[in-house]
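Examining the three-dimensional arrangement
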Amino acid sequence: MIITNELLREYKNYLLNKEFATNTIQNYTTDTNLFLNFIKNKNGLGIVRENEITMKEIESYKMYLREIKTPKTSIYYTKQPTISPQTIQTKLIAIKSFLKFLNTIYLTWLDYKKIETKKYNTNYIETITEQEFKTLFNYIWEKEKYRINALRSQLFINIWYTSGLRISEILSLKVNDIENSQARITGKGNKTRRVFFTKSTKALLTEYLHERELPIPWTGIKENRTNNVFISHNSWYDYWKLIRKETYCAIIKKYSDEMNEQGLIDKRITAHCLRHSYATRLLEAWLNIREIQELLGHSDIQTTERYCHVLESNLKQKVNEIFE
């Protein structure tokens, strides 16, 4: 049996029927194709047959993964030369998922249970202070050539920092969500939770929407009353369309790299960094850990508890302030 494009489409539908999150499906299919391309490059045939997916090949693939350099977009870019063991495990989990599909639907192929994976726990959490956030906020205003782009980016990072949403959740926001100060968000694992928006977020939204009513400086196009918050401003053919996740990750990376080069900040700012900062500030305000779990949309409270170690450095001081 040969793995065909039709078989891969069946796999994607299998994940959809299992109600996997959109991002999870994308990651699983991308990592599965990476593994299949690895085998194709080895056999030089451009196809993968059933007998070629063996434990020996998977072990060989692990060694291949261990040599992949850490991408610049990773929070570990300056900290380790190759991709992390956690990243390798996620790619192996994708292979297991694909083989489980084949085992279940076609009752054949290598048994997915033979692939050993383990869960890595890490306490590494990058955060920024309130002053560092203000530095980023002001930097955006100074460096963006056009007011509409500056307002969009300032609104974006403000929501990240004050609401703790994931980037995919922010990109799906509607204007009415923020105007009403709260919204029901469907996040990772299709879990629904309530999130809240601050006065500063609403004020920025008002400014941004007003700017969108004016002709875009470089195209002369006006906004078409879309209810989506974060839209592209680029040109006539994609203006009003939702901005892509990869696009905004690249924008934030650009800000971070430039600020580091200019000595304004000494850490890499990422989507995870701003979400972590939100969680850390809630802990510093002594919110209940389960309340924070609900606000972040974590299925497992142990995920939320990772943030607790951030407070260890100033825990003694806070206790002394309470019990003078």
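Residues numbered from 1 in each chain as written. Predicted model: local features only at pLDDT ≥ 70, side-chain atom pairs only at ≥ 80, totals over all residues. Heavy atoms only, no water.

Topic: the overall build of the protein
In terms of regular secondary structure, the protein is built from 14 helices and 2 strands. Put simply, the protein has 324 residues, and 43% of those count as buried. At a minimum sequence separation of 6, the contacts of the protein that also span at least 24 residues come to 57%. Working note: accessible area of the protein is about 18400 Å², and carbon and sulfur atoms make up 50% of it. (Helix = DSSP H or I, 4+ residues; strand = E, 2+ residues; numbered from the N terminus. Buried < 20%, exposed > 50% of the residue type's maximum accessible area, 1.4 Å probe, protein only. Contact = heavy atoms within 4.5 Å. Areas by Shrake-Rupley, 256 points an atom, 1.4 Å probe, with all protein chains shown as cover.)

Regarding the environment of Arg 9
Relative to the helices and strands, Arg 9 resides in helix α1 (residues 5–17). Linking Arg 9 and Thr 29, residues 20 residues apart in sequence, is a C-alpha distance of 9.5 Å. There is a polar contact of 2.9 Å between the side chain of Arg 9 and the side chain of Glu 6. (Polar contact = N/O pair within 3.5 Å; in protein donor to acceptor, adjacent residues only side chain to side chain.)

Topic: the nonpolar core
For soluble globular proteins, the rule of thumb is that nonpolar side chains tend to be buried together. Ile 159, Trp 160, Leu 173 and Phe 230 are the most contacted members of the largest nonpolar core, which totals 46 residues. When contributions to this core are tallied by element, the ones reaching two or more residues are α5 (130–143), α6 (147–163), α7 (167–171), α8 (175–179), β1 (182–186), α9 (199–212), α10 (245–261) and α11 (271–284). A per-element tally of this core places α6 first, with 9 residues. One finds Phe 38, Ile 39, Ile 53 and Ile 58 within the second-largest nonpolar core, a separate group that totals 29 residues. (Core = buried A, V, L, I, M, F, W, Y, C linked by side-chain atoms within 4.5 Å.)

Examining the side chain of Asn 103
Along the chain, the position of Asn 103 falls in helix α4 (residues 85–106). Taking the relative accessible area as the measure of exposure, Asn 103 reaches 15% and is therefore buried. A polar contact is formed between the side chain of Asn 103 and the backbone oxygen of Thr 108, at a distance of 2.7 Å. Those residues in contact with Asn 103 that sit more than four places away from it in its chain are Thr 108, Trp 109, Leu 110, Asp 111 and Tyr 112.

Some details on unusual backbone geometry
In this structure, Leu 107 takes a positive phi of about 55 degrees despite not being glycine. Among the secondary structure elements, Leu 107 is positioned in the loop between α4 and α5. Residues other than glycine seldom take positive phi values, yet Trp 109 does so here, at roughly 75 degrees. The topology assignment puts Trp 109 in the loop between α4 and α5. For Trp 109, a relative accessible area of 9% puts it in the buried group.

Notes on the packing of α6 against α9
The interhelical angle for the contact between α6 and α9, taken along N-to-C directions, is 155 degrees, at an axis separation of 9 Å. Here α6 is positioned roughly antiparallel relative to α9, judged by the angle of their axes. Crossing of α6 over α9 shows left-handed handedness. Of the residues in α9, those touching α6 at Arg 147, Ile 148, Leu 151, Arg 152, Gln 154, Leu 155, Asn 158, Ile 159 and Thr 162 are Ser 200, Thr 201, Leu 204, Leu 205, Glu 207, Tyr 208, Glu 211 and Arg 212. Across the contact of α6 with α9, the residue classes break down as 7 nonpolar, 5 polar and 5 charged. (Axes fitted to C-alpha atoms, helices over the stretch in contact; angles between N-to-C directions. Parallel < 35°, antiparallel > 145°, perpendicular 65-115°, else oblique. Left-handed = near helix turned anticlockwise from the far one by under 90°. Nonpolar A, V, L, I, M, F, W, Y, C, P; charged D, E, K, R; others polar.)

Considerations on the pairing of β1
Here β1 shows a clear split, with Ala 183 and Ile 185 buried on one side and none of Gln 182, Arg 184 and Thr 186 buried on the other. Note: β1 against strand β2 (residues 192–196), 5 bridges, orientation antiparallel. Bridge pairing links Arg 184 to Arg 194 in β2. (Pairing = 2+ DSSP bridges.)

What to know about the packing of α5 against α10
The contact between α5 and α10 brings their axes to 11 Å, and the two run at 105 degrees. Comparing the axis directions of α5 and α10 gives the class roughly perpendicular. Listed contacts from α10 to Thr 135, Leu 136, Tyr 139 and Ile 140 of α5 are Tyr 255, Glu 258 and Met 259. For the contact of α5 with α10, the class distribution of residues is 5 nonpolar, 1 polar and 1 charged.

Some details on the side chain of Asn 158
Looking at the secondary structure, you find Asn 158 in helix α6. Residues within four places of Asn 158 in sequence aside, it is in contact with Phe 133, Ser 163, Thr 198, Ser 200, Thr 201 and Leu 204.

A word on the packing of aromatic side chains
Inspection of every chain in the model, using the stated rule, returns 15 aromatic pairs. Members of the aromatic cluster, each reached through a chain of ring pairs, are Tyr 11, Tyr 14, Phe 98, Phe 101 and Tyr 106. (Phe/Tyr/Trp six-rings, centres within 6.5 Å; stacked < 30°, edge-to-face > 60°.)

Description of the pattern of salt bridges
Scanning the entire structure with this criterion turns up 13 salt bridges. One salt bridge in this structure joins Lys 254 and Glu 144, with 3.8 Å as the shortest N-O distance. Placement of Lys 254 in helix α10 and of Glu 144 in the loop between α5 and α6 is noted, with a sequence separation of 110 residues between them. One salt-bridge network, held together by shared partners, links Arg 147, Glu 207 and Glu 211. (Salt bridge = Lys/Arg side-chain N within 4 Å of Asp/Glu carboxyl O.)

Focus: α10
Since the α-helix packs 3.6 residues into each turn, any two residues three or four apart lie on the same face. If you check α10, its first and last C-alpha atoms are 24 Å apart, about what 17 residues at 1.5 Å a residue would give, namely 24 Å. Looking only at α10, the buried set comprises Tyr 248, Ile 251, Ile 252, Tyr 255, Ser 256 and Met 259. One side of α10 carries all its buried residues, which in axial view fall inside an arc of 130 degrees. Elements that come into contact with the buried residues of α10 comprise α5, α6 and α7. (Expected span 1.5 Å × (residues − 1). Arc of directions from axis to C-beta.)

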